Amino acid sequence: MNKFAERLKSCCIIGVFEKEESTNNPSNNLSVSTHTHHSAISRTMKSNNNNNNNKTTSTFENQSSLPRLPIPDLNDTLSRFTETVRPLLTPTQLEQTQATISNFLANEGPELHTKLQEYDAKGA
């Protein structure tokens with residue numbers, strides 16, 4: 001590994017170092033590929049799948065076998081939301097957010113929550 005490649009690697013630059021194995025480049029210098037961290041993960045997953053009798057699993061293949069999660073209470077959800085955004089907002093923004101939440105609870109919030117519960121009950 002040349003000094004430039006060692007320095008890049010030690011600086012934790014995201015990239016994959018590969019030896020160029022082509023016959024066009026007999027010097028076999030190291031180069032930084034343009035692959036991202038995500039594609040490196042994908043390659044790892046593919047290689048793991050190859051070691052597992054070439055079986056691949058789609059993202060939602062086992063969805064129907066998972067237990068359904070309950071729909072949380074609307075007031076609890078909005079309370080948790082307020083506590084989550086509190087440190088991110090200025091006092092004025094927090095006041096506006098709380099007013100919006102109160103308005104939502106006084107108007108369409110309960111009806112939408114009921115519709116969500118009905119949709120969930122159908123097992124959709």
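Source: prediction; values computed, not measured.

### Some thoughts on the overall build of the protein chain
The number of helices and strands found in the protein chain is 5 helices and 2 strands. The N-to-C order of helical and strand elements in the protein chain reads α-β-β-α-α-α-α. Residue burial in the protein chain is summarised as follows: out of 124 residues, 12% are buried. Sequence-distant contacts, at least 24 apart, represent 35% of the contacts inside the protein chain between residues at least 6 apart. For the protein chain, the accessible surface area stands at approximately 10,500 Å², while carbon and sulfur atoms represent 55% of it.

### Looking at the pattern of salt bridges
One pass over the full model with this rule turns up 3 salt bridges. Of the charged contacts, one joins Arg 68 and Asp 120 as a salt bridge, the two residues approaching to 2.4 Å between their closest N and O atoms. In this pair, Arg 68 sits in the loop between helix 2 (37-50) and helix 3 (74-85) while Asp 120 sits in helix 5 (residues 108-121), placing the two residues 52 residues apart along the sequence. Given a relative accessible area of 48%, Arg 68 falls into the partly exposed group.

### What to know about helix 5
For helix 5, spanning 14 residues, the distance from its first C-alpha to its last is 20 Å, which sits close to the expected 20 Å at 1.5 Å a residue. Positive phi shows up at Gly 123, right after helix 5, with a value of about 80°.

### Observations regarding the confidence of the model for the protein chain
In the predicted model, the protein chain carries a mean pLDDT of 73, and 56% of its residues have values of at least 70. Throughout residues 11-44 the model reports pLDDT below 50, and contacts reaching past four residues in sequence, or to other chains, amount to 31 contacts.

### Thoughts on the packing of helix 3 against helix 4 (residues 91-106)
Remark: helix 3 packs on helix 4, axes separated minimally by 11 Å, with the N-to-C direction vectors making an angle of 170°. In terms of orientation, helix 3 and helix 4 fall into the roughly antiparallel class. Counted together, Leu 74, Asn 75, Leu 78, Phe 81, Thr 82 and Val 85 of helix 3 and Leu 94, Thr 97, Gln 98, Ile 101, Phe 104 and Leu 105 of helix 4 form the full contact between these two elements. Of the residues that constitute the contact of helix 3 with helix 4, the class distribution is 8 nonpolar, 4 polar and no charged.

### Structural notes on the side chain of Thr 97
Turning to its location among the elements, Thr 97 is positioned in helix 4. Thr 97 sits in the buried class, given a relative accessible area of 17%.

### Topic: helix 4
Between its first and last C-alpha, helix 4 extends 22 Å over 16 residues, near the 22 Å set by a 1.5 Å rise per residue. For helix 4, the full list of buried residues reads Leu 94, Thr 97 and Ile 101. In a view along the axis of helix 4, the buried residues occupy a sector of 60°, so they form one face of it. Among the exposed residues of helix 4, those oriented more than 90 degrees off its buried face are Thr 92, Glu 95, Thr 100 and Ala 106. In this structure, the buried residues of helix 4 make contact with helix 3.

### A few points about the side chain of His 113
Examined against the element boundaries, His 113 turns out to sit in helix 5. Residue His 113 is classed as buried on the basis of its relative accessible area of 14%. Residues contacting His 113, with those up to four places away along its chain left out, are Ile 71, Pro 72, Asp 73 and Leu 74.

Cut-off values and rules
Residues numbered from 1 in each chain as written. Predicted model: local features only at pLDDT ≥ 70, side-chain atom pairs only at ≥ 80, totals over all residues. Heavy atoms only, no water. Helix = DSSP H or I, 4+ residues; strand = E, 2+ residues; numbered from the N terminus. Buried < 20%, exposed > 50% of the residue type's maximum accessible area, 1.4 Å probe, protein only. Contact = heavy atoms within 4.5 Å. Areas by Shrake-Rupley, 256 points an atom, 1.4 Å probe, with all protein chains shown as cover. Salt bridge = Lys/Arg side-chain N within 4 Å of Asp/Glu carboxyl O. Expected span 1.5 Å × (residues − 1). pLDDT = per-residue confidence, 0-100. Axes fitted to C-alpha atoms, helices over the stretch in contact; angles between N-to-C directions. Parallel < 35°, antiparallel > 145°, perpendicular 65-115°, else oblique. Nonpolar A, V, L, I, M, F, W, Y, C, P; charged D, E, K, R; others polar. Arc of directions from axis to C-beta.

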